[in-house]
Amino acid sequence: MLNQSGQATRQSSAAQKANAEYLTFRLGAEEYGIDILRVQEIRSYEEPTRIANAPSFIKGVVNLRGVIVPVVDLRLKLGCATAEYNGFTVVIVLNVHGRVVGAVVDSVSDVIELGGEQIRPAPEMNTTVDTTFITGIASVAERMLILMDIEALMSSADMGLIDASQQLQ
């Protein structure tokens, strides 16, 4: 349904993602979904090599078959309460603007297909919190799933992982 506020655009952009597949994962008590096409692989968590003067959410780097991959703890990046690293903690290896980046999450749930009718626009909030990476909220049975644009999150300026010339490609 269209209304005269900015919500019409947000709903149509959520509907454009109709019948897309999402990898779902947990950060604390919340469940998130990212476009499965951005996921390269899922690996068990291994302690990365710390990089001096890196922001706290960048845990360090790992060597992935000869490629040095920066590892970002999404709990810290998104301001979630920190949790213990355990046997369920995994690293989702992503391809973001042609660059390989690892994202630490509490656990991976499953891959689900969502239709446009299941996705609602993200609520607009007038806060200092950056929510531009949230593309929508999906209802799946009794679950609420926060859908995020992982490329937008990983290529944000404060991450420093992707330079401006790579974003334009």
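Residues numbered from 1 in each chain as written. Predicted model: local features only at pLDDT ≥ 70, side-chain atom pairs only at ≥ 80, totals over all residues. Heavy atoms only, no water.

Overview of the sheet that holds strand S7 (residues 99-105)
Working step 1: Strands sit in the order S3-S6-S7-S5-S4 across an open sheet of five strands; the sheet is mixed. A single partner strand is all that each edge strand has here, and the edge strands are strand S3 (39-44) and strand S4 (58-64). Mean inter-strand twist for the sheet, computed between neighbouring axes without regard to direction, equals 30 degrees.
Working step 2: Examined bridge by bridge, strand S5 (residues 67-73) and S7 share three bridges and lie parallel to one another. Opposite Val-71, over in S7, you have Gly-102 as the bridge partner. (Pairing = 2+ DSSP bridges. Helix = DSSP H or I, 4+ residues; strand = E, 2+ residues; numbered from the N terminus. Axes fitted to C-alpha atoms, helices over the stretch in contact; angles between N-to-C directions.)

Focus on the packing of aromatic side chains
Working step 1: One pass over the full model with this rule turns up two aromatic pairs.
Working step 2: Summarising the aromatic geometry, the rings of Phe-25 and Tyr-32 are spaced 5.7 Å apart at their centres and angled 15 degrees between planes, so their arrangement reads as stacked.
Working step 3: Taking the centre distance of 4.5 Å and the plane angle of 10 degrees together, the rings of Tyr-45 and Tyr-85 count as stacked. Taken together, the residues Tyr-45 in the loop between S3 and S4 and Tyr-85 in the loop between helix H2 (74-77) and strand S6 (90-96) connect sequence positions 40 residues apart.
Working step 4: Residue Tyr-45 is classed as buried on the basis of its relative accessible area, which comes to 16%.
Working step 5: The aromatic ring of Phe-57 is capped on one face by Lys-77, whose charged end is 5.2 Å from the ring centroid. (Phe/Tyr/Trp six-rings, centres within 6.5 Å; stacked < 30°, edge-to-face > 60°. Buried < 20%, exposed > 50% of the residue type's maximum accessible area, 1.4 Å probe, protein only. Lys NZ or Arg CZ within 6 Å of the ring centre and 35° of its normal.)

Side note on the environment of Ser-139
Working step 1: Locating Ser-139 in the fold gives a position in strand S10 (residues 134-140).
Working step 2: Sequence separation between Ser-139 and Ile-119 is 20 residues; the distance between their C-alpha atoms is 6.9 Å.
Working step 3: Every residue in contact with Ser-139, bar those within four places of it in the chain, is listed here: Gln-118 and Met-144. (Contact = heavy atoms within 4.5 Å.)

Brief notes about the nonpolar core
Working step 1: Ranked by internal contacts, the top residues of the largest apolar core, which has 27 residues, are Phe-25, Ile-34, Leu-74, Leu-94 and Met-154.
Working step 2: Of all elements in the fold, only strand S1 (20-27), strand S2 (30-35), S6, S7, S10, strand S11 (143-148) and helix H3 (150-154) reach the threshold of two or more residues within this core.
Working step 3: Aside from chain neighbours lying at most four places away, what touches Leu-74 is Phe-25, Leu-27, Ala-103, Val-104, Val-105, Ile-150, Leu-153 and Met-154. (Core = buried A, V, L, I, M, F, W, Y, C linked by side-chain atoms within 4.5 Å.)

Describing the pairing of S6
Working step 1: Within S6, six of the seven residues are buried, which leaves the element mostly enclosed by the surrounding structure.
Working step 2: As judged from the five bridges shared by S3 and S6, these two strands associate in the antiparallel manner. Within S6, the residue paired with Glu-41 across the bridge is Val-93.
Working step 3: Where S6 lies against S7, seven bridges are found, and the strand directions are antiparallel. Directly across from Asn-95, in S7, lies its bridge partner Val-100.

What to know about the pattern of salt bridges
Working step 1: Per the counting criterion, the structure on display carries eight salt bridges.
Working step 2: Close ionic contact of Arg-43 with Glu-41 constitutes a salt bridge, the shortest N to O distance being 3.7 Å.
Working step 3: Of the residues examined, Arg-43 reaches a relative accessible area of 27% and is grouped as partly exposed.
Working step 4: Residue classification places Glu-41 among the buried residues on the basis of a relative accessible area of 19%.
Working step 5: Linking Arg-75 and Asp-106 is a salt bridge whose minimum nitrogen-to-oxygen distance equals 2.5 Å. Highlighted residues: Arg-75 in helix H2 and Asp-106 in the loop between S7 and strand S8 (107-114), separated in sequence by 31 residues.
Working step 6: Through salt bridges with shared partners, a single ionic network connects Glu-41, Arg-43, Glu-46 and Arg-65. (Salt bridge = Lys/Arg side-chain N within 4 Å of Asp/Glu carboxyl O.)

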